[in-house]
Amino acid sequence: MIMATLHPEELAAPLDLLLTSATKPFARRMMPDQAWARMAASLATQPGTVLERGKELARELGSIAAGDCDLAPQRADKRFSDPAWQQNPVLHRIMQGYLAASDTAEKLFSDADLDWRDEARMRFVFDNAIEGLAPTNNPLISPLGWKAMIDTGGLSAVRGLKAFARDMMSSPRVPAMVEPDAYTVGETVAVTKGAVVLQTRMFELIQYAPQTPTVHSVPLLMVPPVINKYYIMDIAPGRSMIEYFVQQGQQVFAISWRNPQARHKDWDVNAYGAAIIEAIDAVRAITGAAGTHLMASCSGGIITAMTAAHLAETGDGDKVASLTLAVTVLDQDRAGFASAAMSDRAAQAAIATSARKGYLDGKAMAEMFAWLRPTDLVWRYWVNNYVQGRSPAAFDVLFWNADTTRMAAALHRDMVLMGLNNSLVTPGAASMLGTPVDLSKITCDAYVIGGIADHISPWQATYRSAKLLGSKDNRYVLSTSGHIAALVNPPGNPKASYRIAQVQDGTPEQWLAEAEKSSDSWWPDYVAWLAERSGDDVEAPRTLGAEGFVATGPAPGTYVLQK
């Protein structure tokens, strides 16, 4: 059960792998199914163990009622930090009773000894049930709620009810993590200077203005996820990956995907692969370079890897100077909850749902992700917004996370089927633009990044994915924190660290034991790695674009503003 309160950057993440569960309402995901039945059957074979757990709980509750129990929350559990939970005898016993019952439920969960798939499915149910029943969430019990009502003369209750009604009226039906007007794209987020130098039906290509007298001759093209706005790479001054790379003399380009509508339902993986190739060719034409570095993340990384394999197959592999994959899962065997929740029946149902609409709604995936981390993404804001009647604090990454986009139905179908069949691990099992995908034919140098606390793209899966590449120089970097904090990780954070080593033949755990640990961010290591592969420095361009690629407007462009 998740108890620790996480840093806000760890709370937001793209939803690239949750493509089947996002089409199913939360209530249906909580209803009994075969996983419940198998868990019940497993416990039924252990009547002695179940009886003993019941006796332990009864003894604990008796001790609590008598005031002789020393049960206390874990140090990292901030839900019970208000002094009233310790000082008020009634609240103190309610807290201890909840902790005792939660501990018993966790022990029974372990006793069931489920296989990995049922364990992941039932973990979702257990976490949401246990966290939802916490007395801290109950407005009739919560001391924070009563104190807020006293302090505001009852206004906090009115504000809380209004916020609850607003959030439940539309998707995603979870407490708002940030106010919709907390930031403005292009003014307070996504502010690094640049220009749109190419606009197609599917994407805008942004070239960023150099900030150094000379630049590396080999450019960098950044490919974002297809289900999120690109500006997580340019989130805010001082924390922007794009800003940092430009300041280090790198020529940086970025794709900004169009937010597809129902009329774009036929945009499939091939269409996105062709778009990436079009962007690569544009970058090469503008800079005069023979090839470009590619840096892609999440679902963008999956499509980019397939595109690189296609280029290698067709003899155009030199167009890719190096390949960087960030929090990208190519080998989806046991890759977290998404893999566990995926079945042929669920996949076909999800595909049919998006086909009817023409797209998969990003808000549905935002809701799904929230319930994966109920303490931090639902109940934390439930207490703040509804029980205390307060507005959520402004945080740019959470604003980006709420700025959802859609996924075209055809791409959703392709991604779901690739995940269901784990197609990319078998050469030729998937195709890109008419050629078989064989990731081992990608021989350019590779830099692969994982997050040690990433629950969307487990780092072990990203490491296994790195082993699929045929690169002779294949470097794996394991960053601290989760899916987004592993990337939005500027230098200067005393709590940050990373492990780095070449990809080996052994297990992820063996790699972890042998990898060198360094403090601070991996960004400096990455720009140094790029610089070694970026050729001679040349004079920085005085204007953006080139003949045939005239700058049509400033960054961040227009597609990023589409809702």
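Definitions and cut-offs
- Residues numbered from 1 in each chain as written.
- Predicted model: local features only at pLDDT ≥ 70, side-chain atom pairs only at ≥ 80, totals over all residues.
- Heavy atoms only, no water.
- Buried < 20%, exposed > 50% of the residue type's maximum accessible area, 1.4 Å probe, protein only.
- Helix = DSSP H or I, 4+ residues; strand = E, 2+ residues; numbered from the N terminus.
- Right-handed = clockwise from strand over helix to strand, strands pointing away.
- Pairing = 2+ DSSP bridges.
- Axes fitted to C-alpha atoms, helices over the stretch in contact; angles between N-to-C directions.
- Parallel < 35°, antiparallel > 145°, perpendicular 65-115°, else oblique.
- Contact = heavy atoms within 4.5 Å.
- pLDDT = per-residue confidence, 0-100.
- Core = buried A, V, L, I, M, F, W, Y, C linked by side-chain atoms within 4.5 Å.
- UniProt positions renumbered as here; feature names shortened; annotations may be inferred.
- Salt bridge = Lys/Arg side-chain N within 4 Å of Asp/Glu carboxyl O.

Per an unreviewed UniProt entry, the recorded name for the protein chain is Class II poly(R)-hydroxyalkanoic acid synthase, and the organism is Mycolicibacterium aubagnense.

Caption draft 1: Expanded view of the pairing of strand β13 (residues 474-479). Counting buried positions along β13 yields 6 of 6 residues, so the element is predominantly enclosed. Alternating residues of β13 divide into Asn474, Tyr476 and Leu478 and Arg475, Val477 and Ser479, and every residue in both groups is buried. For the handedness criterion, the β-α-β arrangement of strand β12 (residues 445-451), helix α18 (residues 459-466) and β13 is classed as right-handed. As judged from the 5 bridges shared by β13 and strand β14 (residues 497-502), these two strands associate in the antiparallel manner. Bridge pairing in β14 places serine 479 opposite tyrosine 498.

Caption draft 2: The arrangement of the packing of helix α11 (residues 298-313) against helix α17 (residues 409-421) in detail. For the pair α11 and α17, interaxial distance at closest approach is 12 Å and the crossing angle is 85 degrees. One way to sum up the angle between α11 and α17 is to call them roughly perpendicular. Contact residues: α11 offers Ser299, Ile302, Ile303 and Met306, while α17 offers Leu411, Met415 and Met418.

Caption draft 3: Representation of the confidence of the model for the protein chain in the model. With 93% of its residues at a pLDDT of 70 or more, the protein chain has an overall mean of 89. Low pLDDT, under 50, characterises residues 1-17; the predicted model gives this stretch 81 contacts beyond four residues in sequence or across chains. Low confidence marks residues 335-341, where pLDDT is under 50. Its contacts with residues over four positions away, or in another chain, come to 27 contacts.

Caption draft 4: Quick peek at the nonpolar core. One finds Met222, Tyr230, Tyr231, Phe245 and Trp522 to be the most contacted residues of the largest nonpolar core, which totals 82 residues. Ranked by residue count, the leading element in this core is helix α5 (residues 89-112), at 8 residues. Those residues in contact with tryptophan 522 that lie beyond four places of it in its chain are Met295, Tyr447, Ile449, Val477, Ser479, Ala486, Leu487, Asn489 and Tyr498. Grouped together as the second largest cluster of nonpolar side chains are 64 residues, Val197, Ile442, Tyr463 and Leu469 included.

Caption draft 5: Just the UniProt feature "domain: Poly-beta-hydroxybutyrate polymerase N-terminal" (unreviewed entry) in the protein chain, in detail. UniProt marks residues 77-244 with the feature "domain: Poly-beta-hydroxybutyrate polymerase N-terminal" (unreviewed entry), using the numbering shown here. Split by type, residues 77-244 is 43% helix and 11% strand. Its first and last C-alpha atoms lie 35 Å apart.

Caption draft 6: Representation of the sheet that holds strand β5 (residues 252-257). Strands sit in the order β15-β14-β13-β12-β7-β6-β4-β5-β2-β1-β19 across an open sheet of 11 strands; the sheet is mixed. Each edge of the sheet is formed by a strand with only one pairing partner; in this case those strands are β15 (516-519) and β19 (553-554). One ladder, built from 6 bridges, connects β12 with β13; its direction is parallel. From the neighbouring strand, isoleucine 449 faces β13, where its bridge partner is valine 477.

Caption draft 7: The arrangement of the pattern of salt bridges in detail. In this structure the tally under the stated criterion is 26 salt bridges. A salt bridge links lysine 147 to aspartate 82; its shortest N-O distance comes to 2.9 Å. Of this pair, lysine 147 sits in helix α7 (residues 143-152) while aspartate 82 is found in the loop between α3 (47-66) and α4 (84-87), placing the two residues 65 residues apart along the sequence. Among the salt bridges present, the one from lysine 319 reaches aspartate 281, with a minimum N-O distance of 3.1 Å. With lysine 319 in the loop between α11 and β7 (320-326) and aspartate 281 in helix α10 (residues 269-287), this residue pair connects regions lying 38 residues apart in the sequence. The exposure class of aspartate 281 is partly exposed, given its relative accessible area of 28%. The network of salt bridges with shared partners includes Arg53, Glu56, Asp103, Lys107 and Asp111.

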